Amino acid sequence: MRSLPTLLVLLVAACRATPIPPQSRYPAGTDLTAKYVTVDGSRIRYVEAGTGPAVVFIHGFGASLYTWRHTLPPVAAAGFRAIAFDNRAFGFSDKPAHGYTNADYTRLVLALLDSLRVPDAVLVGHSMGGAIAAGVALAAPARVRGLVLMDAAGFGTRWPFTLRIVRWPLLGALATSLRARSSTASILRSTYADATKVTGRDVDQYYAPVPDPDYGRAMRGVLREFRFDDLAGRLAAVVQPTIVLWGSGDRWIPPAIGRRMAVELPRAAFVIVPRAGHAAPEEAPELVNRSLIAFLEQGLLHVPENLASSPNAGLARSNGVHFINRPVEDLMLSRKLTNTRALRIIAVAREEFARSGFDGARIEQITRAAGVNKQLLFYYYHSKRGLFQAVLGQAAAELETALAALPAASGRPLERLERVLQAQFDFLARRPDLVAVLAQGNRTDLAPFAPAIKRLVVLLAEGQGLGQVRDDVDPHLTAAQALVLMVGYLQLESVVAASAPPLGADEPALRERWKEAAVQLVVAGVAAR
């Protein structure tokens, strides 16, 4: 009779299948090319496509950059630099014995951004990748322009039985040794609402890294070191606009968890993807991509406040995707406003706030000019203050778009800082109504401008690292002060012009000289001596 060790060896051998050869592994057969970079001590495989603002995709547990096969091309075609990578322990990146805590993954993502020369990015995280993306946003807010959390971990996970065994101290090593292709297929199918959508090619791609000798050790390391409930109670500190996207049939992390996340986030929209499970970006790519690209291009222009917790907002339905502010089951309301009408309200409100000030602005005047009734306005924006915030939110998005459209940065950080400041001044000078509105705001009202301000923050921090900017400068405070300085001048421009020597038709030259003086004031004030 064979000994137990011999039987186990034979059992393990019988469970193994031959993985697809390297030349067949994704992204083979596509326009993408796999590259490698060593960051934070690990060799990481990644792909990228497109040019423009960076969007970085972070996959979930047991997955790889193959997760994003349906998403990368459309995002790149929409005008973004789409980057996806095999995270440490997964795919064909390194699988060390340790390095799998939440802080370890945060550090690795930031190191990858540095290596790829990405000053800031929108982070798109699925499952475990969502928890990592939110962790990066909390740890380094200046590096994250926005968040997309898809079926995200962070509040706990309902593991399938196979993975629960892996977490057991004694059976975990044995379970990760029995890495059969059939087990991979079973786990993959459990992430779909309709398991018949999983193809043999999908199973091949997911199984390809499994026979790696270090794979089992790495899986045990992740399950031992990573906290999948690390975000509970912490999301209120996330300042970035966020879209929380969830498959309606997710059995791993139910949609109720997504709603809880959206409630905690200060600036969030919650999106349900019908007839999709935990693997929403793979099972329903058209709906997911449409929502993702709309978020990347427009942000949350219609309501910059928290959509998840507001008690009186409506439901906008677009091709089966629900932008909601409370659970779908509780909300059976017809659409109250279209985006076109909402944007018209904001445009009229900006004029009214600029002309009359916040206190003097009249809701009746806004509704009459916008062609809506008062009930609809309050139903959509909740309050006069909410409408004011929406006006600022749209203006902030316009400023961010203007800065993002600047030519590719080159030169010393201070030189690039100067160009961004000039562009910011020019943007404000062309919008006197926005200047008038901003002058009425308070510190809280500047929050929507954080993504645009962060462009200055990144340049200041980079200059500090190179010794070109004073070490005692607070980049966040300085960037905010630069915005306030320009708003203050433009608000008082007529007074400045009246007190200056007579210029006649030369007033534009006065504005240019003031712009140069304001920019140099900031640059000279931060430059290292």
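Refer to the structure above for everything that follows.
Note that the structure is predicted; figures quoted are calculated from it, not measured.

Draft legend 1. Representation of the packing of helix α16 (residues 384-404) against helix α17 (residues 413-429) within the structure. Two elements in contact, α16 and α17, have axes whose closest approach is 10 Å; the angle formed by their N-to-C orientations is 135°. Between α16 and α17, the angle is such that the two are oblique. Crossing hand, α16 versus α17: right-handed. Every residue of α17 that contacts α16 at Ala395, Glu398, Leu399, Ala402 and Leu403 is listed here: Val420, Ala423, Gln424 and Phe427. Grouping the amino acids of the contact of α16 with α17 by side-chain chemistry returns seven nonpolar, one polar and one charged.

Draft legend 2. Molecular detail of the pattern of salt bridges. What the rule picks out here adds up to 19 salt bridges. In this structure, Arg69 engages Asp202 in a salt bridge whose closest nitrogen and oxygen atoms are separated by 3.4 Å. In this pair, Arg69 sits in the loop between β3 (54-58) and α2 (72-77) while Asp202 sits in helix α8 (residues 200-207), placing the two residues 133 residues apart along the sequence. Classification of Arg69 by relative accessible area gives buried; the value is 10%.

Draft legend 3. Structural view of the packing of aromatic side chains. In total, this model carries 11 aromatic pairs according to the counting rule given. Taking the centre distance of 6.0 Å and the plane angle of 85° together, the rings of Tyr66 and Tyr206 count as edge-to-face. Of this pair, Tyr66 sits in the loop between β3 and α2 while Tyr206 is found in helix α8, placing the two residues 140 residues apart along the sequence. On the basis of relative accessibility, which here comes to 12%, the residue Tyr206 falls in the buried class. Ring geometry for Phe226 against Phe228: centres 4.9 Å apart, planes inclined by 70°, an arrangement best described as edge-to-face.

Draft legend 4. How the structure looks around empty space enclosed by the protein. Tallied over the entire structure, the rule returns two cavities of 30 Å³ or more. For the second largest cavity, the calculated volume is near 40 Å³. Around the second largest cavity, the lining residues are Arg25, Tyr26, Arg45, Ser64, Tyr66, Gly91, Phe92, Gln205 and Pro209. Taken together, the residues of the lining of the second largest cavity break down into four nonpolar, three polar and two charged.

The rules behind each value
- Residues numbered from 1 in each chain as written.
- Predicted model: local features only at pLDDT ≥ 70, side-chain atom pairs only at ≥ 80, totals over all residues.
- Heavy atoms only, no water.
- Axes fitted to C-alpha atoms, helices over the stretch in contact; angles between N-to-C directions.
- Helix = DSSP H or I, 4+ residues; strand = E, 2+ residues; numbered from the N terminus.
- Parallel < 35°, antiparallel > 145°, perpendicular 65-115°, else oblique.
- Left-handed = near helix turned anticlockwise from the far one by under 90°.
- Contact = heavy atoms within 4.5 Å.
- Nonpolar A, V, L, I, M, F, W, Y, C, P; charged D, E, K, R; others polar.
- Salt bridge = Lys/Arg side-chain N within 4 Å of Asp/Glu carboxyl O.
- Buried < 20%, exposed > 50% of the residue type's maximum accessible area, 1.4 Å probe, protein only.
- Phe/Tyr/Trp six-rings, centres within 6.5 Å; stacked < 30°, edge-to-face > 60°.
- 1 Å grid on protein atoms, 1.4 Å probe; cavity = no way out; pocket = protein on both sides within 12 Å on 5 of 7 lines; lining within 4 Å.
- Points joined across faces, edges and corners; volume = space filled by probe spheres on them.

In short, the description is geometric, and any link to function would need to be established separately.
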